[in-house]
Amino acid sequence: MSTIATTERSHREGRLRVGAHRWVSIRPIEVSDAGDLSAFYASLSPASRHRRFLGATSGITDEQAARFSSVDHVTADGLVAILAEAGRDDGRFVGHVCIEPDPDGTSEVAVAVADELQGQGIGRELMRRAVDSARRRGVRALTASLFTDSIGMRRLLAGAGLPVVPRGTRAGVVEVELPLGTPATIPNRKE
Ligand SMILES: CC(C)(COP(=O)(O)OP(=O)(O)OC[C@H]1O[C@@H](n2cnc3c(N)ncnc32)[C@H](O)[C@@H]1OP(=O)(O)O)[C@@H](O)C(=O)NCCC(=O)NCCS
């Protein structure tokens, strides 16, 4: 069965299937997740971390881990994707999206997925949930900053069911705005 068909079926069960006997569930981040979140970012490839943080880094600092995991889910939000399997990786964090407010009424969204699980719909589901969260909280628009050659993030944003409006490009980084004014229907699969 194709990934797309599998993903569609799995959404009805509330979690994503990412291979034989492996599933991913998504939930709001909690204060106690700081350690697992640090481990997730440390486990990303240098290239993925570079794309996520727009620069070289070996992982997140304790301060960042505390900030990301102690969001109030009102002004700021965050969600984690967690692997479920029978093996030793059960419970491992394999994705994170954070949505942090800016003073102009927008919120910046940033997302990362474990390298070995990229391309299986986890990013799209995290993004879908981030859009839902922003709408619920009355955010005017989401923004994102990405390298101009970040094909994966570009496609993720393009598939979010929202207009993607470039705000400007500097030093190879483009900032885009996704206005939330129009109700979005974010597809779980290609039409
Ligand atoms: C960008 C990222 C979050 C996407 O997550 P993902 O789980 O791989 O994405 P999905 O499987 O949901 O796919 C979403 C779309 O991106 C495309 N895509 C994902 N990775 C891709 C890649 N490396 N090259 C080309 N397209 C890619 C998918 O084909 C899909 O496009 P489609 O709907 O047009 O078919 C993930 O690749 C990642 O963590 N990258 C490193 C960190 C990063 O770049 N963050 C963005 C800056 S905030």
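Residues numbered from 1 in each chain as written. Predicted model: local features only at pLDDT ≥ 70, side-chain atom pairs only at ≥ 80, totals over all residues.

Student: Can you tell me about the overall build of the protein, naming the residues and giving the values?
Tutor: Helix and strand counts for the protein come out as 6 helices and 8 strands. For the protein, the N- to C-terminal ordering of α and β elements is α-β-β-α-α-α-β-β-β-α-β-α-β-β. Here the protein holds 191 residues, and the buried ones make up 32% of them. Residue pairs at least 24 apart in sequence account for 61% of intrachain contacts in the protein once pairs closer than 6 positions are excluded. (Helix = DSSP H or I, 4+ residues; strand = E, 2+ residues; numbered from the N terminus. Buried ≥ 20, exposed ≤ 12 C-beta atoms within 10 Å, placed from the backbone. Contact = placed C-beta atoms within 7 Å.)

Student: Break down the site of the ligand for me, citing the residues and quoting the values.
Tutor: Residues in close proximity to the ligand total 23 residues, the closest being R51, Q118, G123, R124 and G152. Going through the elements one at a time, helix 3 (46-53), strand 5 (106-113), helix 5 (122-136), strand 6 (141-147) and helix 6 (151-158) are the ones with two or more residues in the shell around the ligand. Per-element tally for the shell around the ligand: the top contributor is helix 6, with 5 residues. Classifying every residue of the shell around the ligand by side-chain character gives 10 nonpolar, 9 polar and 4 charged. (Near = placed C-beta within 6 Å. Nonpolar A, V, L, I, M, F, W, Y, C, P; charged D, E, K, R; others polar.)

Student: Report on the environment of E116, specifying residues and quantitative values.
Tutor: Mapping E116 onto the fold places it in the loop between strand 5 and helix 5. Its 13 C-beta neighbours within 10 Å are what place E116 among the partly exposed residues. Put simply, E116 and V94 are 22 residues apart on the chain and 9.1 Å apart in space, counted from C-alpha to C-alpha.

Student: Can you tell me about the sheet that holds strand 2 (residues 22-28), naming the residues and giving the values?
Tutor: The strand order across the open sheet built from 8 strands is 1-2-3-4-5-6-8-7, with neighbouring strands paired in mixed fashion. Each of the sheet's edge strands pairs with one partner strand only, and the pair in question is strand 1 (16-17) and strand 7 (165-170). Bridge count between strand 4 (residues 93-101) and strand 5: 7 bridges; the pairing is antiparallel. Paired with E100 across the strands is E108, a residue of strand 5. Along the sheet, helix 5 makes contact with strand 1, strand 2, strand 3 (77-85), strand 4, strand 5 and strand 6, crossing strand 4 at roughly 30°. (Pairing = 2+ DSSP bridges. Axes fitted to C-alpha atoms, helices over the stretch in contact; angles between N-to-C directions.)

Student: Go over the pairing of strand 8 (residues 173-179) with me, naming the residues and quoting the values.
Tutor: Consecutive side chains along a regular strand alternate between the two faces of the sheet. Judged from the 7 bridges that link them, strand 6 and strand 8 form a sheet pairing that is antiparallel. Across the sheet, residue L146 finds its bridge partner in strand 8, namely V174. Bridge count between strand 7 and strand 8: 5 bridges; the pairing is antiparallel. Note that in strand 8 the partner of P166 across the bridge is V176. The turn linking strand 7 back onto strand 8 is made up of 2 residues, and A171 within it adopts a positive phi angle of 50°.

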